[in-house]
Amino acid sequence: MEYVNAPCAVPVSRPAGRVARRLRGLSVLPLLAGLLTSCGSSSSGPTTLNWYNFPDDSGALAAAASNCSRASGGRYRIVYNKLPRTADGQRQQLVRRLAAEDSALDILGLDVTWPAEFAEAKWILPWTGENRRRATEGTLEVPLQTATWKNTLYAVPYNTNTQLLWYRSDLVPRPPGTWAEMLSMASALAKQGKPHYVEIQGAQYEGLTVWFNTLVESAGGSILNQAATAPSLGPPAVQAATIMRDLAHSPGADPSLSNQMEDQNRLAMESGTAAFELNYPFVYPSMKANNPKLFPSFRWAAYPGVTPGRPSKPTIGGIDLAVGAYSHHPGLAFEAALCLRNRENQMSAAITGGLPPTLRALYSDQAFQKSYPFAPEVLTALENSSIRPKTPAYQNVSIAISHTLSPPSGIKPQSDINEIGGQINDALQSKGLVP
């Protein structure tokens, strides 16, 4: 089996031996004509490439699809298909269709925790040769780690994301450097009757896992061992769980902590009840638009560390673009994916959609810095960032963490970490059900 005619890339079995010699011109021509028609030849217009990605309200993704369709010179047309809003819904749709070997999935926008699972299942194609060179050239190292499985690149980072500390400079003269310092500041503000909440994702979902992973990594630990064959955890994980519990029992805890996600954090900060917020850059343009009076005091800094003198390691998010293993047009899909994440489209996604780019050169671009004044802090965070456990069993690992540590006020640090370790060990050994 091999790919014939790169723009169409239709899998065709080559006849051999006596069978090939018996073929005559009259019998071969109808076969080839049928193949060319079915794969979208020039006689039927540009080849349609289906791109499945998260729903984007900013228009940046639709614009990227249009830009690249024009740039192809009529060879392909990218159709942007919106996946469900929740990450779980997105993954569920892709998994079901790929398990059914759906050839309509050409380019896939994968959450950075999915490439290992999809690669292990052979649902996405590896990036090799010139495609790999172009995908990695000028790309930040940590985002590339999310797209790599068993030393093979399976996707190209489309965008990335990292949390910063957002705070009100009218309430605190300088940002806290550690979690202990931040909780102390929050307590002092509470005693003065001033806004003092620390907004962070405490609901029972992926955001809680991200919070825990950031604290573990910042404490010098990891959730899995280097080979991803067993849980690591240990004292850093206990320290992380303790910080989460301490916030929940401090004056800095928002009463809605156990139900809060990123958008609830944003709204609380904009309402004026909070002093600190751990969140992604999308909160900056939102504050500017929704509370212009508070906006001049809305500042940013590095994510607080766990130990004085040790920099934090915030967990990155983002989307990686992969090529579906059952696509009839892999050659064009690789080319289109590279176009979708080029400089122009990443700039647009960052400025209009608030999604940090994965191309290092953009962070020194003056136009980008003007619209993204916190670009230096984002770049520093990305260079020191961490990724979530890289394993095909990640969904089970994440559920074990978020279910055990919810609600944060009920955390029992040592016993909960022991329980998480046991559940992760079962997940890595394929015990229990995969969600």
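Calculation criteria
- Residues numbered from 1 in each chain as written.
- Predicted model: local features only at pLDDT ≥ 70, side-chain atom pairs only at ≥ 80, totals over all residues.
- Heavy atoms only, no water.
- Helix = DSSP H or I, 4+ residues; strand = E, 2+ residues; numbered from the N terminus.
- Contact = heavy atoms within 4.5 Å.
- Areas by Shrake-Rupley, 256 points an atom, 1.4 Å probe, with all protein chains shown as cover.
- Salt bridge = Lys/Arg side-chain N within 4 Å of Asp/Glu carboxyl O.
- Buried < 20%, exposed > 50% of the residue type's maximum accessible area, 1.4 Å probe, protein only.
- Pairing = 2+ DSSP bridges.
- Axes fitted to C-alpha atoms, helices over the stretch in contact; angles between N-to-C directions.
- Parallel < 35°, antiparallel > 145°, perpendicular 65-115°, else oblique.
- Nonpolar A, V, L, I, M, F, W, Y, C, P; charged D, E, K, R; others polar.
- Expected span 1.5 Å × (residues − 1).
- Core = buried A, V, L, I, M, F, W, Y, C linked by side-chain atoms within 4.5 Å.
- Disulfide = S-S within 2.5 Å.
- Arc of directions from axis to C-beta.

**Student:** Just to check I follow, could you spell out the overall build of the protein chain for this structure?
**Tutor:** For the protein chain, the count of helices and strands is 18 helices and 13 strands. Pairs at least 24 apart in sequence give 73% of the contacts found in the protein chain among residues at least 6 apart. Per element, the accessible surface of the protein chain, about 18,800 Å² overall, is 53% carbon and sulfur.

**Student:** Is there a simple way to explain the pattern of salt bridges in this structure?
**Tutor:** It is possible for side chains of opposite charge to pair when their charged atoms get near one another. Counted according to the given criterion, the structure contains 15 salt bridges. Between R91 and E117 there is a salt bridge whose closest N-O contact spans 2.9 Å. Here E117 lies in helix α5 (residues 115–120) and R91 lies in helix α4 (residues 87–99), a separation of 26 residues in the sequence. Of the residues examined, E117 reaches a relative accessible area of 12% and is grouped as buried. Here D263 ties to R266 by a salt bridge, and the two come within 2.7 Å at their closest N and O atoms. Placement of both D263 and R266 in helix α11 (residues 262–271) is noted, with a separation of three residues, approximately one turn of the helix.

**Student:** I would appreciate a short explanation of the sheet that holds strand β4 (residues 76–82) in the present structure.
**Tutor:** One open sheet accounts for five strands, arranged β4-β3-β5-β13-β8; its pairing is mixed. Each edge of the sheet is formed by a strand with only one pairing partner; in this case those strands are β4 and β8 (156–161). The sheet shows a mean angle of 20° between the axes of neighbouring strands, taken without regard to direction. Bridging between strand β3 (residues 47–53) and strand β5 (residues 107–111) involves two bridges; their strand directions are parallel. The residue of β5 that forms the bridge with Y52 is L108.

**Student:** Hey, could you run me through the packing of helix α9 (residues 206–218) against helix α17 (residues 394–404) in this one?
**Tutor:** The relative placement of two packed helices comes down to the angle between their axes together with the axis-to-axis distance. The contact between α9 and α17 brings their axes to 8 Å, and the two run at 85°. The orientation of α9 relative to α17 falls into the category roughly perpendicular. Residue-level contacts link E206, L208, T209 and F212 of α9 to Y394, S398, I401 and S402 of α17. Class assignment for the residues of the contact of α9 with α17 results in four nonpolar, three polar and one charged.

**Student:** So what exactly am I meant to see when it comes to α9 here?
**Tutor:** Each turn of an α-helix holds 3.6 residues, which means side chains three or four residues apart point in the same direction. The terminal C-alpha atoms of α9 lie 18 Å apart, and with 13 residues this matches the ideal 18 Å at 1.5 Å per residue to within 8%. α9 sits mainly inside the fold: twelve of its 13 residues count as buried. G207, L208, T209, V210, W211, F212, N213, T214, L215, V216, E217 and S218 are the residues of α9 that are buried. Where α9 is buried, its residues contact α8 (179–191), α10 (235–248), α17 and α18 (413–428). Positive backbone phi, approximately 95°, marks G220, located one or two places after α9.

**Student:** I keep staring at the nonpolar core and nothing clicks. Help me out?
**Tutor:** Of all hydrophobic cores here, the largest spans 52 residues; its most connected members are W51, L94, F118, W127 and L321. It is helix α13 (residues 330–340) that contributes the most residues to this core, eight residues altogether. Aside from chain neighbours lying at most four places away, what touches W127 is R132, A135, L153, Y154, A155, V156, L321, V323, F334, A337 and L338. Among the nonpolar cores identified, the runner-up in size contains 44 residues, and V172, V198, I401 and I417 belong to it.

**Student:** Even after reading the chapter, I still don't get the state of the cysteines, so can you show me in this structure?
**Tutor:** By definition, a disulfide links the sulfur atoms of two cysteines through a covalent bond. Following the criterion strictly, the structure yields one disulfide and no others. Across a sulfur-sulfur distance of 2.1 Å, C68 and C339 are joined as a disulfide pair. Disulfide C68-C339: the torsion about the S-S bond is -100°, which places it as left-handed. Remark: C339 occurs in helix α13 and C68 occurs in helix α3 (residues 60–71); sequence separation between them is 271 residues. The same class applies to C68 and to C339, which are both buried.

**Student:** In this structure, what is going on with the sheet that holds strand β11 (residues 274–279)? I would like to understand it.
**Tutor:** Through backbone hydrogen bonds, the strands of a sheet pair up, either in parallel or in antiparallel fashion. Overall, mixed pairing links the four strands, which are arranged β10-β11-β9-β12 in an open sheet. The outermost strands of the open sheet, each flanked by one partner alone, are β10 (197–199) and β12 (298–301). When strand polarity is set aside, the average angle formed by the axes of neighbouring strands in this sheet is 20°. Pairing geometry for strand β9 (residues 164–168) and β11, over four bridges, is antiparallel. Bridged to Y167 within β11 is F276.

**Student:** Just checking my understanding: could you explain the pairing of β8 for this structure?
**Tutor:** Regular strands have side chains that alternate between both faces of the sheet. A large share of β8 lies buried, amounting to six of its six residues. Across five bridges, β8 lies against strand β13 (residues 317–323) in antiparallel orientation. Considered in β13, the bridge of N161 is made with G317.

**Student:** How should I be thinking about helix α16 (residues 375–383) in this particular structure?
**Tutor:** All buried positions along α16 are accounted for by A375, V378, L379, A381 and L382. Buried residues of α16, viewed axially, fall in a sector of 160°; they line one side. Where the residues of α16 are buried, they touch α7 (141–146), β8, β9 and α15 (366–371).

**Student:** Looking at this structure, I do not really get unusual backbone geometry. What am I missing?
**Tutor:** With omega at -5°, the peptide bond leading from S406 into P407 counts as cis. Tracing the backbone through its elements, the reader meets P407 in the loop between α17 and α18. Positive phi values are uncommon outside glycine, yet A228 reaches one of about 60°. Tracing the sequence through the fold places A228 in the loop between α9 and α10. Of note in the backbone geometry, L233 takes a positive phi value of approximately 55° without being a glycine. With respect to the helices and strands, the residue L233 is situated in the loop between α9 and α10. For L233, a relative accessible area of 8% translates into the label buried.

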